[in-house]
Each structure stands twice: as structure tokens, then as C-alpha cells.
Amino acid sequence: MHVAPVGGTAVQDYVALAEIELCGELIIAASAAREDRLSLEDIDEVLRVAEERDIGGG
């Protein structure tokens, strides 16, 4: 078994951190939703998909 050494040698995976943040936002939105499920439009809004498309030019 490998144990990470103590003393500030942590590596941050920024992609993983961003994915965790987006999952958290989806969980919050789902818990606040009135319906049983979020619609695809609601999911896109939470994940700011349209904003990314506008910024990326796609």
C-alpha cells in the first residue's frame, strides 16, 4: 500500500477539481428542482453550456 508523504507534496488535478465542482452544482440544482429530474435544458444551464459555446465560437 502506498501512502502519500506528509509535508505539502500534494499534486492538484485541476481537471478533476473542475469536474467535482460541476458535479456539486448539479447535485445542488437537482435537490432544488421541483420535478423528479432535471431537463436537458436545466442541466445545460447549470453547466453553463451555452456560455461556453458562445465563448468558443461554436
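Residues numbered from 1 in each chain as written. Predicted model: local features only at pLDDT ≥ 70, side-chain atom pairs only at ≥ 80, totals over all residues. Heavy atoms only, no water.

Points about unusual backbone geometry
Despite not being glycine, Arg-48 has its phi angle at roughly 55°, a positive value. Among the structural elements, Arg-48 can be located in the loop between helix H2 (40-46) and helix H3 (49-56). (Helix = DSSP H or I, 4+ residues; strand = E, 2+ residues; numbered from the N terminus.)

Brief notes about the pattern of salt bridges
Close approach of charged atoms allows side chains of opposite charge to pair. Counted by the stated rule, this structure contains 1 salt bridge. Ionic pairing is found between Glu-25 and Arg-48, a salt bridge with its closest N-O pair at 3.2 Å. Of this pair, Glu-25 sits in helix H1 (residues 14-32) while Arg-48 is found in the loop between H2 and H3, placing the two residues 23 residues apart along the sequence. On the basis of relative accessible area, Glu-25 is assigned to the partly exposed category, the value being 22%. For Arg-48, a relative accessible area of 33% gives the class partly exposed. (Salt bridge = Lys/Arg side-chain N within 4 Å of Asp/Glu carboxyl O. Buried < 20%, exposed > 50% of the residue type's maximum accessible area, 1.4 Å probe, protein only.)

Re a nonpolar patch on the surface
Where nonpolar side chains cluster on the molecular surface, the patch consists of Tyr-14, Leu-17 and Ile-20 and spans about 360 Å² of accessible area. Its location among the elements puts Ile-20 in helix H1. Residue Ile-20 is classed as exposed on the basis of its relative accessible area, which comes to 56%. (Patch = residues over 30% accessible without salt bridge, like charges linked within 9 Å, V, L, I, M, F, W, Y side chains within 5 Å. Areas by Shrake-Rupley, 256 points an atom, 1.4 Å probe, with all protein chains shown as cover.)

Some remarks on H1
The end-to-end C-alpha distance of H1, which contains 19 residues, comes to 27 Å, matching closely the 27 Å that a straight helix rising 1.5 Å per residue would cover. Regarding H1, its N-cap is Asp-13, as a side-chain oxygen of that residue lies 3.2 Å from the backbone nitrogen of Val-15 further along. (Expected span 1.5 Å × (residues − 1). Polar contact = N/O pair within 3.5 Å; in protein donor to acceptor, adjacent residues only side chain to side chain.)

Examining the confidence of the model for the chain
Counting all residues, the mean pLDDT for the chain is 82, and 67% of those residues have values of 70 or more. Model confidence for the chain, summarised as mean pLDDT per element, is weakest for H3 at 68 and strongest for H1 at 93. (pLDDT = per-residue confidence, 0-100.)

Some points on the environment of Asp-13
Looking at the element boundaries, Asp-13 is found in the segment before H1. Side-chain polar atoms of Asp-13 contact the backbone nitrogen of Val-15, separated by 3.2 Å.

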